[in-house]
Amino acid sequence: MEDYHYKLAERLKSLRLSAKLTQEGVAEMASLSYKHYQSLEAGRKKDVKLSSLVQLARAFELEPWELLYPDQPVLSPSFLRRVQRFASKRTKS
């Protein structure tokens, strides 16, 4: 069986870097704890709950299956606008 948790970890990091977000930012947007997200991105979580995948996919405006798809999905313009609003809101705090 392939190591899908490593594929997921690579995809999450790639998406996060493409969006120019921190791990804390992604965790907040997905309503996950920072430590949980950090362990997912590091590939330390071998059994990932479907609910976590759904929350992450929604945060990136993707379908859950796209998190494991071999070709990186394109981040939608609406997601990138939301990231900009999120980033500006955090800098004002």
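Above this text sits the structure in question.
Reference entry: report on the structure contained in this document.

What counts, and at which threshold
- Residues numbered from 1 in each chain as written.
- Predicted model: local features only at pLDDT ≥ 70, side-chain atom pairs only at ≥ 80, totals over all residues.
- Heavy atoms only, no water.
- Phe/Tyr/Trp six-rings, centres within 6.5 Å; stacked < 30°, edge-to-face > 60°.
- Helix = DSSP H or I, 4+ residues; strand = E, 2+ residues; numbered from the N terminus.
- Salt bridge = Lys/Arg side-chain N within 4 Å of Asp/Glu carboxyl O.
- Buried < 20%, exposed > 50% of the residue type's maximum accessible area, 1.4 Å probe, protein only.
- Axes fitted to C-alpha atoms, helices over the stretch in contact; angles between N-to-C directions.
- Parallel < 35°, antiparallel > 145°, perpendicular 65-115°, else oblique.
- Contact = heavy atoms within 4.5 Å.
- Nonpolar A, V, L, I, M, F, W, Y, C, P; charged D, E, K, R; others polar.
- Arc of directions from axis to C-beta.
- Core = buried A, V, L, I, M, F, W, Y, C linked by side-chain atoms within 4.5 Å.

## Let's talk about the packing of aromatic side chains
This model, assessed by the stated rule, comprises one aromatic pair. Look at Phe60 and Phe79: their rings are 5.6 Å apart centre to centre, the planes differ by 55 degrees, and that puts the pair in the tilted class. Of this pair, Phe60 sits in the loop between helix H4 (50-59) and helix H5 (77-92) while Phe79 sits in helix H5, and the two are 19 residues apart along the sequence.

## Notes on the pattern of salt bridges
In this structure the tally under the stated criterion is two salt bridges. Measuring nitrogen to oxygen at the nearest pair gives 2.7 Å for the salt bridge that ties Arg16 to Glu41. Linking Arg16 in helix H1 (residues 4-18) with Glu41 in helix H3 (residues 34-42), this pair joins segments that are 25 residues apart in sequence. By relative accessible area, Arg16 is classed as buried at 10%. As a salt-bridge pair, Glu61 and Arg82 come within 3.3 Å of each other at their nearest N and O atoms. Residue Glu61 is located in the loop between H4 and H5, and its partner Arg82 is located in helix H5; the two are separated by 21 residues in the primary sequence. Residue Glu61 is classed as partly exposed on the basis of its relative accessible area, which comes to 35%.

## Digging into the packing of H1 against H3
Contact pair H1 / H3: the axes reach a minimum separation of 6 Å and the direction vectors enclose 115 degrees. What the angle tells us is that H1 and H3 run roughly perpendicular. Within the contact between the two elements, H1 uses Ala9, Leu12, Lys13 and Arg16 and H3 uses Tyr37, Leu40, Glu41 and Ala42. Of the residues contributing to the contact of H1 with H3, the split by class is five nonpolar, no polar and three charged.

## Section: unusual backbone geometry
In terms of backbone geometry, most residues other than glycine have negative phi values and most peptide bonds are trans. Of note in the backbone geometry, Lys20 takes a positive phi value of approximately 60 degrees without being a glycine. Although it is not a glycine, Glu61 sits at a positive phi angle of roughly 55 degrees.

## Considering H4
Within the sequence span of H4, burial applies to Ser52, Leu53, Leu56, Ala57 and Ala59. What you see down the axis of H4 is that its buried residues fit within an arc of 160 degrees, all on one side. Among the exposed residues of H4, those pointing more than 90 degrees away from its buried face are Leu50 and Arg58. Next to the buried residues of H4 lie H1, helix H2 (23-29), H3 and H5. With its phi angle positive at about 55 degrees, Glu61 sits one or two positions after the end of H4.

## Notes on the nonpolar core
The biggest cluster of nonpolar side chains holds 23 residues, and the ones touching the most others in it are Leu12, Leu21, Met29, Leu56, Phe60, Leu67 and Phe79. When residues of this core are traced back to their parent elements, those giving at least two are H1, H2, H3, H4 and H5. Here this core takes four residues from H4, the largest share from any one element. Aside from chain neighbours lying at most four places away, what touches Leu56 is Leu12, Val26, Ala30, Leu32, Tyr37, Leu40 and Leu67.

Shape descriptors only; they carry no functional weight alone.
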